[in-house]
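# Coordinate inspection notes
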Protein chains: 2
Amino acid sequence: MTHAEATEADPAAAAASLSAVFAPRSVAVIGSSRKQGTIGRAILDNLIRDGFKGPIYPIHPVAPELAGRPCARSVLAVGKPIDLAIVAVPAAAVEDVVRDCASAGVRAVVVISAGFAEVGEDGRAAEQRLHDLARASGMRLVGPNCMGVLSTAPDVRLDATFSPAFPPAGNISFATQSGALGLAMIDHARALELGIADFISIGNRADVSTNDLLAYWQHEPHTRVIALYLESFGNPHAFARLAPQVSREKPIVAVKSGRSAAGTRAASSHSASLASLDIGIDALFAQTGVIRVDTLEQLFDVAGLLSSQPSPLGRRVGVVTNAGGPGILLADACAAQGLTLPTLSDETMLALRSFLPSQASVTNPVDMIASAPPDHFEQAIRLVGAEPDIDAVIAIYVPPLVTQPEEVAAAIARAAGSLPATKPIATVFMSSKGTPAVLSRGPRGKIPSYSFPENAAMALAAAVRHQEWCDRPVGAPAELSRKQVDAVRDWAHHVVPHDGWVSFESIATLLEIIGVRVAPSRSCAPDPDVAAAIAGELGFPIVLKANARHVLHKTDVGGVALGLTDESEVLASARAMIDRIGHVEGFTIQKQIPAGVEAIVGLTSDPSLGPLLVAGIGGVAVELYKDVAFRVTPVTDRDVDAMLGDLRGKALLDGFRGSHPVSRDALREVMLRIGALAEVLHEIAELDINPLIVLPDPRGAIAVDARLRMKPRK
Amino acid sequence: MTHAEATEADPAAAAASLSAVFAPRSVAVIGSSRKQGTIGRAILDNLIRDGFKGPIYPIHPVAPELAGRPCARSVLAVGKPIDLAIVAVPAAAVEDVVRDCASAGVRAVVVISAGFAEVGEDGRAAEQRLHDLARASGMRLVGPNCMGVLSTAPDVRLDATFSPAFPPAGNISFATQSGALGLAMIDHARALELGIADFISIGNRADVSTNDLLAYWQHEPHTRVIALYLESFGNPHAFARLAPQVSREKPIVAVKSGRSAAGTRAASSHSASLASLDIGIDALFAQTGVIRVDTLEQLFDVAGLLSSQPSPLGRRVGVVTNAGGPGILLADACAAQGLTLPTLSDETMLALRSFLPSQASVTNPVDMIASAPPDHFEQAIRLVGAEPDIDAVIAIYVPPLVTQPEEVAAAIARAAGSLPATKPIATVFMSSKGTPAVLSRGPRGKIPSYSFPENAAMALAAAVRHQEWCDRPVGAPAELSRKQVDAVRDWAHHVVPHDGWVSFESIATLLEIIGVRVAPSRSCAPDPDVAAAIAGELGFPIVLKANARHVLHKTDVGGVALGLTDESEVLASARAMIDRIGHVEGFTIQKQIPAGVEAIVGLTSDPSLGPLLVAGIGGVAVELYKDVAFRVTPVTDRDVDAMLGDLRGKALLDGFRGSHPVSRDALREVMLRIGALAEVLHEIAELDINPLIVLPDPRGAIAVDARLRMKPRK
């Protein structure tokens, strides 16, 4: 059993065990030296500098003391209980040290030392031994190849990193797969006055994983927002189960790097993890409610809002500004993010008019002009915030004229206190001097402040989307019936793929087992006369397809003939195909389906995430316009609805330019069944139903062609 | 003649006249008061504080001195030549003051005072009088309703703003339509150490316009980069002619706000300018080489790179980093922006291996790991920069471990000096302490530094795209022949639109005049028998269309029948249409064109930019996927090529899934002729050729249906 599995088996216990990492009562540091600036010594110095609340035990083989603290020769010689040990010895010595820790009853170790899975086969083996040691002893292990852990909880104050400074205490807990990046972020958090709860550099994740951390932080009282920097997923299936539960309680904001081929190459060369298809990650995050951001700056911007403000209950934003330009930019950015700026009520406009100068604009944005004094900010925010049609307020201050940012910040802070508790407020202080501290000292507490209007809009929109995700009912996962599952297994037992590819006839059998209708069709040898005879039996009009394994797209080579109305036409077409294509392995003769909306439904396999359900609309458009949506299986009815909602061509389903609306329900049903199939038939490498013809109710959706490749049998 | 027209008539003289604004030899300030903090006084104080190099004349009706300088009672009483007068008196007094300035031979005035076109009809009239005064006297006028002008030229040092501080001198000249935003940007430029040359708040643009400024800065020696914040265009046609010339010499970076409906509403309420369709602005900027950025932050990021670095000659980026995570993020951001990270040559990798530790990665990004000392940065940048396959270098420094940012910055500065002069370098310093000043003190001078990797990638990509635009040959504008122009004019003289709409037959005549082929067709009264007879004359197969002015999309209501093969089919179809649609005004009987690629070519009219050429591919896809491109007319052959390049569905033209390639040239030719038509026939409100069937060579492109609405005659 891996630790990941252990986490799944008893998540509460696994989570509780991480309290030794973030809230230890005592810490040992192994690998400190007398020389300042070395890693182990820097950590020891930070533990002391930042005032760790428990005893600190430096471990050194010979030195009697380090940094003014008496040393023990090993953890075994300390003679007191040790919750957490920080290991910063050369890679070759790590295993013995970790074994000592286990023997001494240490509850958790953080292995800073590099030189494990990231450097090759020997390192991988050594890392596996660390994993096994941790497993056997029940001791939790962070790293190896990491840059430490930190907690700002006032009764802990743990700084087991080499960060140049301790971050401000707060409620954002942050896990990073890149240690250096993480420490830079901690540094930045200080500059932006973003409060951190816990920080962890997860390194190679020999034991403690992102999933463990999610489970821990879900119930950790200091944590309100979880921020992640990820390069890869260890156990995406556990993540898929866990993240939605956590997301509903505490928003998870994530940067997942390695989107591009170049990024993946860099990621692979940098850590020992598999590349993942970015599209799968997008799907996974969309399903699990994780707020994916593109940049580190956005990670800060979004986390800053969520850490201090309620999530808005809707998309309607009220803007109060003392400069027109930034107001317009904010309005543009809101629109681009799907937020709206409703016009204010007549009463509110009248009330604003009563004190604002005539040049001011009392629509939304409320532009109070450059000379607006602090009390105008206060009154305008109160009025706009009290509007029932406003879900969130953004105040913009530009110090152009009479510079009194302190007074304006204080006025905004007072006004924020009057807002209904459900309405968030954010500010844009366009001043190089930054935002006065007094902004966050009002009744609302911390109020986020941005340097540019666009950042405020982006952060607010992320919060809105997350709230909408939380408000969505939990979907029901699609499942096949017991009988269908048995039939699928039986099918899989008997199917004989060629180079992994399954014949259309076999695919049709499989689809019919799970209740997906297939156009009546039969296959035969490459004999035109036989094909014509079969056509006669099926009935006209007929579609004739040439089967040739070397041809990916039959239409590219004239391998499909539509609308054949009698046997002689079938005969002539079949002969022409053999002439044109050469190596035809057989024919498929199919009853022609009436025109409808062409859709594609299928499965693809992500190397790290497993099967993805794919759906798209519109034949050529799928390829030209990439109008497809993905979700990680298992999928729920809600996921399927969200997929259809994501398609730009969805209007085709509802009747477009005179065509009849087709059965959305039939398409949904096929998607759900294919999604459920992925959970039963793990051997599918890829499956395309293309086209699936979706017809008006009640005729449903009918598969016309399909391709299926099975994974090699082990 | 407006000043804009004057600028066109003699741009050199118009530009030269702006030297009185940015490089005056003397300045008068009208409207200063004894009270500090008022606008006029703040400007006077700033002129003194920031060391204006010429005499400063405070003007006050009674005060004998202000800020220690003797006052004159009016500009007429100064008795010395005055280049520039700053006017900050109440709106009602502005006209007299400006008249005095003209009488006193003042060369330029900056009217700070608000209360003109932005407040209503009276203000608009007053502003027109200011315009006329300036015109009559030849004196240039900035504003009204602006926040002043500034120049950092060492022999000028003009600060006629109320900015809290003087920005660092540099080569970025900045014009802003929002004064408050502009001053906030100046403030930010200081914090980011971005050097400013000239700054101007253009206010209501009664006289001096963005176009005047472009013409001036094109030849102004301190200016290397032009930055614009725009909310509207005064004279887009002059801009379209001028901007490409300027862009080729000095890059123009612009934020154009008011993209969204909400933004436009805010813009309109804030200044006296018309809303413009954002799509037209995008087209205009693409044609004129203007670098459009989405946010203020991007404006800084791009201007900072262009102001100090050569434009890269290609898209290949070399990355040197001491932290893996930011390297991956940068690689991702580069890929998203169309930049590549080529693998380094074997020699370079070998050379990097010779000094980097074994855990380092010598692919691209070169990840030197956290412990990299300054000399590793220096050597790695030299090696990567020397690679012939690398066009630009980005260095990332994260101070995780041994913090020596000063030394690393100095090493990067030294290495930058070794780069070929054609290769730009940018840095990412992920430290809250910012970037050490020593980075910009090496042989390369100023080196841009970003807080996050994504910003560096975005800025570099903007520079690459601009360079590619500059390298594109100048296109030849499409023109109709003299004979065609005469025929078009004659057609326009005789056409009889209904409610602006022109009949298909008339449109066909027009298209044939300009050499666009139209499927043979005739129209008739709503008489099925007549339609059938005409079909017999044209020859089969036939397309029958019902004409009904109340129907926008004929196919929506079954108003089009395809592939009718004899007269009886035409008869039956026509009868059915009358039954179905009701009020059919007539029929169009058209020879059916063979299947090809459906395209759309047309004209639309932007309220501020005038006619836009539009082109797209693919019937329903145009509407579902909005796969269309726009350009402001007149268009060149290069514009048309760029439009086709922008279409996501362009692969359809080249033969897709077994279809034949169709004539790209024929499509281009139609686009050019329609573009040229717009220049001749200004009465076109909108024109759609939809579909235009594009066939394989040599059959060309044939218009099958078209709609044309003319503007109301005046």
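All of these numbers come straight from a predicted model, not from anything done at the bench.

### Quick notes on empty space enclosed by the protein
According to the stated counting rule, one finds 10 cavities of 30 Å³ or more in the structure shown. Computed from the structure, the largest cavity encloses a volume of approximately 90 Å³. Around the largest cavity, the lining residues are Ile172, Phe174, Met185, Ala189, Leu194, Ile196, Ala227, Leu299, Phe300 and Ala303 of chain B. If you tally residues by element for the lining of the largest cavity, the top one is helix 12 (residues 296-308) of chain B, at 3 residues. Within the lining of the largest cavity, the residues separate by chemical class into 10 nonpolar, no polar and no charged. In this structure, the second largest cavity spans a volume of roughly 70 Å³. Listed by contribution, the elements that provide at least two residues to the lining of the second largest cavity are strand 10 (169-176), helix 7 (179-192) and helix 12 (296-308) of chain A. At 3 residues, the largest contribution of residues to the lining of the second largest cavity is made by helix 12 of chain A.

### What about the sheet that holds strand 12 (residues 225-230) of chain B?
Residue and element names in this part refer to chain B. Within the open sheet, the 7 strands sit side by side as 9-8-11-10-12-13-14. Their pairing is mixed. The sheet terminates laterally at strand 9 (158-160) and strand 14 (291-292), the two strands that pair on one side only. In this structure, strand 8 (residues 149-151) lies alongside strand 11 (residues 196-201), joined through 3 bridges in antiparallel fashion. When the bridges of strand 11 are listed, leucine 150 appears paired with phenylalanine 199.

### Focus on the confidence of the model for chain A
Predicted coordinates in regions of low pLDDT should not be interpreted in detail. Residue and element names in this part refer to chain A. On average, residues of chain A carry a pLDDT of 90, and 93% of them reach 70 or more. The low-confidence segment residues 268-276, where pLDDT is below 50, has 26 contacts with residues more than four positions distant or belonging to other chains. For this predicted complex, the interface confidence reaches an ipTM of 0.85, while the overall pTM sits at 0.88.

### Here's the deal with the pattern of salt bridges
Under the definition given, this model contains 54 salt bridges over all chains. A salt bridge links glutamate 669 of chain A to arginine 673 of chain A; its shortest N-O distance comes to 2.9 Å. Placement of both glutamate 669 of chain A and arginine 673 of chain A in helix 24 (residues 664-680) is noted, with a separation of 4 residues, approximately one turn of the helix. According to the relative accessible area criterion, arginine 673 of chain A is partly exposed, its value standing at 25%. The salt bridge partner of aspartate 282 of chain B is arginine 292 of chain B, with a shortest N-O separation of 2.9 Å. Taken together, the residues aspartate 282 of chain B in helix 11 (residues 278-288) and arginine 292 of chain B in strand 14 connect sequence positions 10 residues apart. Look at aspartate 282 of chain B and you get partly exposed, because its relative accessible area is 35%. Since its relative accessible area comes to 16%, arginine 292 of chain B is described here as buried.

### What about the pairing of strand 24 (residues 586-591) of chain A?
Residue and element names in this part refer to chain A. Across the 6 residues of strand 24, 5 count as buried, placing the element largely inside the fold. As defined by bridge partners, strand 22 (residues 542-547) adjoins strand 24 across 6 bridges and the pair is classed as antiparallel. Counted as the bridge partner of valine 543 is glutamine 590 from strand 24.

### Some points on the packing of helix 18 (residues 482-494) of chain A against helix 19 (residues 504-513) of chain A
A pair of packed helices is characterised by two quantities: the angle between their axes and the separation of those axes. Residue and element names in this part refer to chain A. At a minimum axis separation of 9 Å, helix 18 and helix 19 run at an interaxial angle of 165°. Accordingly, the angle class assigned to the pair helix 18 and helix 19 is roughly antiparallel. Here the hand of the crossing between helix 18 and helix 19 comes out left-handed. The residues of helix 19 that touch helix 18, namely those facing Gln484, Ala487, Val488 and Trp491, are Ser506, Thr509, Leu510 and Ile513. For the contact of helix 18 with helix 19, the class distribution of residues is 5 nonpolar, 3 polar and no charged.

What counts, and at which threshold
Residues numbered from 1 in each chain as written. Chains lettered and ligands numbered in written order. Predicted model: local features only at pLDDT ≥ 70, side-chain atom pairs only at ≥ 80, totals over all residues. Heavy atoms only, no water. 1 Å grid on protein atoms, 1.4 Å probe; cavity = no way out; pocket = protein on both sides within 12 Å on 5 of 7 lines; lining within 4 Å. Points joined across faces, edges and corners; volume = space filled by probe spheres on them. Helix = DSSP H or I, 4+ residues; strand = E, 2+ residues; numbered from the N terminus. Nonpolar A, V, L, I, M, F, W, Y, C, P; charged D, E, K, R; others polar. Pairing = 2+ DSSP bridges. pLDDT = per-residue confidence, 0-100. Contact = heavy atoms within 4.5 Å. Salt bridge = Lys/Arg side-chain N within 4 Å of Asp/Glu carboxyl O. Buried < 20%, exposed > 50% of the residue type's maximum accessible area, 1.4 Å probe, protein only. Axes fitted to C-alpha atoms, helices over the stretch in contact; angles between N-to-C directions. Parallel < 35°, antiparallel > 145°, perpendicular 65-115°, else oblique. Left-handed = near helix turned anticlockwise from the far one by under 90°.

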